[in-house]
Amino acid sequence: MGGTAVVVGGGIGGLAAALGLRRIGWEVRVVERAAVLADAGAGISLHANGLRALDAVGVGAAVRAAARPQYTGGTRTPAGRWLSRMDGTLLERELGSPIVGVPRSVLHRLLRAALPEECLLVGATVDTLDLSAPGRVGVPAGDGVLEADLVVAADGVHSRLRGQLFPDHPGPVYAGSTVLRALTEGPLEVATDFELTWGAGAEFGHIAFTDGRAEWHAVLNAPPGVRHADPLGMLRRRFRDWHDPVPALLAATRPEAVLHHDIHELATPLPSFTAGRVALLGDAAHAMTPHLGQGACQALEDAVTLAAALAGEASVGAALARYDAERRPRAQAVARAARRAGRLGQQLSRPLTVALRDTGLRLAPSRVTIRAILRHADWTPPNLG
C-alpha cells in the first residue's frame, strides 16, 4: 500500500516519520511552522530503542558516528557523593549499544539531510484540517491546501491538531517543574560522559559530546511562567555550592545560550493515537516529563511502528488501528513511569524524604538501575523491508 502523506511538524519525530514513510514507498511532505530552521536546542541522550528506530529509517549509522557513547557517570548528591553508577559497558553488552549523547541540532540536521529538499515546506502553520472529504484529508498550509491520504500530527505538546481531533481532552498540564539548559561555549573537560545530581527540588545534569563541549540542564520546582532577567546568573547563585563540574559548566556558558521552558505533559492519556486518517505522534500523542530520557526515543518508536503498520496492512484504516494498538499502551506506560521517576527524584523537596531517597539509591544493587533502563530501552523495531 502506498499513498500521499503530510507530516505536520518538522521535529525529531516528524522527520523520522517522513523517512519511514518514504522508505515504504509513500510520497511525503513535511510542513514546519518555523520560517528558518535554526536547529535550536541543547543536547539529547538516545537509548538503544531510539537508536534502533533510527537504524530502521536509515540514519542510525550517521547518528552513531556523530554521538558520544555514555560509558561513565551516574547520579550524585550536591556534595558530590555517588548515589548510583552507570555501567555503559553492561548496557552495551545487554542491548548492543550504550546510551549516546548528541546535540539536538546535529540530530535534526542528519534527519533532514536524509530527506529530499522538496519534501520540506517551512514557514507554514497548520492550525486545522479539512476532514470533510471521505478518504482524503485537506491540510491548509501556506497559500494552498495539500491533499493527503494520511496526516501525521507531530506538532508537539501544544498540538493544535490534537485539540481539533479530541476537543473534549483537557490537553497538556504543567508538570510542576521548569528546565533551563544550554551548551557550553567551547570544549570543557569533564570526568564523566553523563551525570545527574539530585538536590531538594532541583536536578542538574550534563552530557558530554564528541567535540568536547557539554550540554547541561537544570530542572527546578517552580510555579509556571516564572522567568528571570538574568537566568544564568540565577543558576550560578543557585548551584554555586554544588560539586564540580556544576559551577564550571555554568561558567563556560554564554548568557544568551540559555534556553528556558516549563515542562508540560499529557497527564490525561488520550483515548486513541488516531482519528480518521490522522495519526498523532510524539509529544502530540504522549508528551511526558523528561525524567527517563525517553521522550524522543518514544517518538522515534512511533515513527517506525506507523510505517511498518502502513506497509503491512491493506488499508489506511487497518494500519492506523494497528498503530494505535501497538503504540498507545507502551508509550502511555513509559509516560507514567517518567512521572513516577520525577516524583521520586528531582521533585522531592523535603529533607527527610530526600535523605530516604538517597539512602535507598545508595543501598540498591547496580542491577536494579540497569533493569530499570532495560525495561524501557529494550525494544526491537518492526521490519520496514
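Note that the coordinates shown come from a computational prediction; the quantities given were computed from them, not determined experimentally. (Residues numbered from 1 in each chain as written. Predicted model: local features only at pLDDT ≥ 70, side-chain atom pairs only at ≥ 80, totals over all residues. Heavy atoms only, no water.)

Enquirer: Hey, could you go over the pattern of salt bridges for me, with residue numbers and the actual values?
Expert: A complete count under the given rule lists 18 salt bridges for this structure. With a closest N to O distance of 2.8 Å, Arg160 and Asp127 form a salt bridge. Of the two residues, Arg160 is situated in helix 6 (residues 160-165) and Asp127 in the loop between strand 8 (120-122) and strand 9 (137-141); the sequence distance between them amounts to 33 residues. Note on Arg160: relative accessible area 40%, which makes it partly exposed. We note a salt bridge from Arg227 to Asp262, for which the minimum N-O separation is 3.3 Å. With Arg227 in the loop between strand 15 (214-221) and helix 7 (231-238) and Asp262 in strand 16 (residues 259-265), the pair connects residues that are 35 residues apart, well separated along the chain. Look at Asp262 and you get buried, because its relative accessible area is 17%. (Salt bridge = Lys/Arg side-chain N within 4 Å of Asp/Glu carboxyl O. Helix = DSSP H or I, 4+ residues; strand = E, 2+ residues; numbered from the N terminus. Buried < 20%, exposed > 50% of the residue type's maximum accessible area, 1.4 Å probe, protein only.)

Enquirer: Tell me about unusual backbone geometry, and name the residues and values.
Expert: Cis geometry marks the peptide bond from Asp244 to Pro245; its omega dihedral reads 10 degrees. Note that Pro245 resides in the loop between helix 7 and helix 8 (246-251).

Enquirer: An account of the pairing of strand 5 (residues 73-76) is requested, with residue identities and associated values reported.
Expert: Pairing geometry for strand 5 and strand 13 (residues 194-199), over four bridges, is parallel. Bridge pairing in strand 13 places Arg76 opposite Thr197. Looking at chain direction, strand 5 and strand 6 (residues 82-85) are connected through three bridges and run antiparallel. Bridge pairing in strand 6 places Thr75 opposite Ser84. The hairpin turn running from strand 5 into strand 6, its antiparallel successor, is five residues long, and Gly80 in that turn takes a positive phi close to 105 degrees. (Pairing = 2+ DSSP bridges.)

Enquirer: Kindly report on the nonpolar core, identifying the contributing residues and their values.
Expert: In this structure, Leu21, Trp26, Leu46, Leu54, Leu107 and Leu150 are the most contacted members of the largest nonpolar core, which totals 77 residues. Tallying contributions element by element places helix 10 (residues 295-312) first for this core, with 10 residues. Setting aside anything within four residues of it in sequence, one finds Leu107 in contact with Ile12, Ile44, Leu46, Leu54, Val63 and Val102. Formed by 19 residues, the second largest nonpolar core is a distinct cluster that contains Ala218, Leu232, Met234 and Leu235. (Core = buried A, V, L, I, M, F, W, Y, C linked by side-chain atoms within 4.5 Å. Contact = heavy atoms within 4.5 Å.)

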